[in-house]
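What follows is the residue order along each chain.
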Amino acid sequence: MAAPDQALFRSVMGHFPSGVTVLTTIVGEQLHGMTVSAFCSVSLEPLLVLATIEKTTRMHALLLESHLYGASILGTNDEATSRFFADDRRLAGVEFAPGSYRIGVTGCPILPQAIAFLEARVQAVYDGGDHSIFLGEVVNADVLRDDPPLIFYRGGYATLRR
Ligand SMILES: Cc1cc2nc3c(=O)[nH]c(=O)nc-3n(C[C@H](O)[C@H](O)[C@H](O)COP(=O)(O)O)c2cc1C
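Description of the structure in this document. Here the structure is a predicted model, which is why all the values come from computation and not from measurement.

1. Let's talk about the site of the ligand
Part 1 of the reasoning: Lining the immediate environment of the ligand, one finds 20 residues, of which His32, Thr35, Thr52, Glu54 and Met59 sit closest.
Part 2 of the reasoning: Residue Glu54 places a main-chain N or O atom 2.8 Å away from an oxygen atom belonging to the ligand.
Part 3 of the reasoning: Take Met59: an N or O atom from its main chain is 2.8 Å from an oxygen atom of the ligand.
Part 4 of the reasoning: In the complex, 83% of the free accessible area of the ligand, which totals 650 Å², lies under the protein chains.

2. Describing the sheet that holds strand β2 (residues 21-27)
Part 1 of the reasoning: Reading across the sheet, the seven strands line up as β3-β2-β6-β9-β10-β5-β4 and stay open at both edges, with antiparallel pairing between neighbours. Of all the strands in the sheet, the pair left with one neighbour each is β3 (30-36) and β4 (39-43). Averaged over all pairs of adjacent strands, the angle between their axes in this sheet comes to 35°, without regard to strand direction.
Part 2 of the reasoning: Where β2 lies against β3, seven bridges are found, and the strand directions are antiparallel. Across the sheet, residue Val27 finds its bridge partner in β3, namely Gln30.
Part 3 of the reasoning: Along the sheet face, helix α2 (residues 58-66) touches β2, β3, β5 (48-54), β6 (68-73), β9 (116-128) and β10 (131-143) and points at about 50° away from the line of β2.

3. Observations regarding the layout of surface pockets
If a probe as big as a water molecule is rolled over the atoms, it shows which places are left empty.
Part 1 of the reasoning: Approximately 1,300 Å³ is the volume attributed to the largest pocket.
Part 2 of the reasoning: The wall of the largest pocket is formed by 37 residues, among which Arg10, Ser37, Ala38, His131 and Phe152 lie closest to the centre.
Part 3 of the reasoning: Secondary-structure elements contributing two or more residues to the lining of the largest pocket are α1 (6-14), β3, β5, α2 and β11 (150-153).
Part 4 of the reasoning: Counting residues per element, the lining of the largest pocket draws most heavily on α1, at five residues.
Part 5 of the reasoning: The class makeup of the residues in the lining of the largest pocket is 17 nonpolar, 13 polar and seven charged.

Calculation notes
- Residues numbered from 1 in each chain as written.
- Predicted model: local features only at pLDDT ≥ 70, side-chain atom pairs only at ≥ 80, totals over all residues.
- Heavy atoms only, no water.
- Near = heavy atom within 4 Å.
- Polar contact = N/O pair within 3.5 Å; in protein donor to acceptor, adjacent residues only side chain to side chain.
- Areas by Shrake-Rupley, 256 points an atom, 1.4 Å probe, with all protein chains shown as cover.
- Pairing = 2+ DSSP bridges.
- Helix = DSSP H or I, 4+ residues; strand = E, 2+ residues; numbered from the N terminus.
- Axes fitted to C-alpha atoms, helices over the stretch in contact; angles between N-to-C directions.
- Contact = heavy atoms within 4.5 Å.
- 1 Å grid on protein atoms, 1.4 Å probe; cavity = no way out; pocket = protein on both sides within 12 Å on 5 of 7 lines; lining within 4 Å.
- Points joined across faces, edges and corners; volume = space filled by probe spheres on them.
- Nonpolar A, V, L, I, M, F, W, Y, C, P; charged D, E, K, R; others polar.

Next up, the structure:
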């Protein structure tokens, strides 16, 4: 059986809507964040989540050092933040301006405008082709506001109507 090509695979998976997080970490003094939609709940006992990170990213190298991440779940009005943390041009400036974040219990930055956030310690890293799967045990989490989530769907942003 012939496997589908990448374009079809992308198109099919684009029909599966996801939320958008800014995944963050800290190594020494260095704070880093990147937009991640491949993030999901795994287990309730213990509390586990996973994030799937491309091996070529700066985040991948930093997570292998820090073994810690924060995930700030973006609300519907935060498309600009999603675009910012997915754009390499941010690396030429300051990723986390003073006052635009707070530091969580793990030391990872948390975005105060997030609708909810959690922090996790990496328990295992699994190979996932050109990505790695970072399984994290949740050590802190909270819901911050009631706004609808930002949705990524078919290569663009959408919102949830209920
Ligand atoms: C909506 C959206 C979702 C994304 N989700 C992921 C993801 O789940 N995993 C990933 O590796 N990259 C994802 N990316 C791409 C990264 O955000 C982008 O490559 C980023 O610039 C990498 O940052 P870094 O190399 O500075 O760490 C996503 C981009 C967008 C716009």
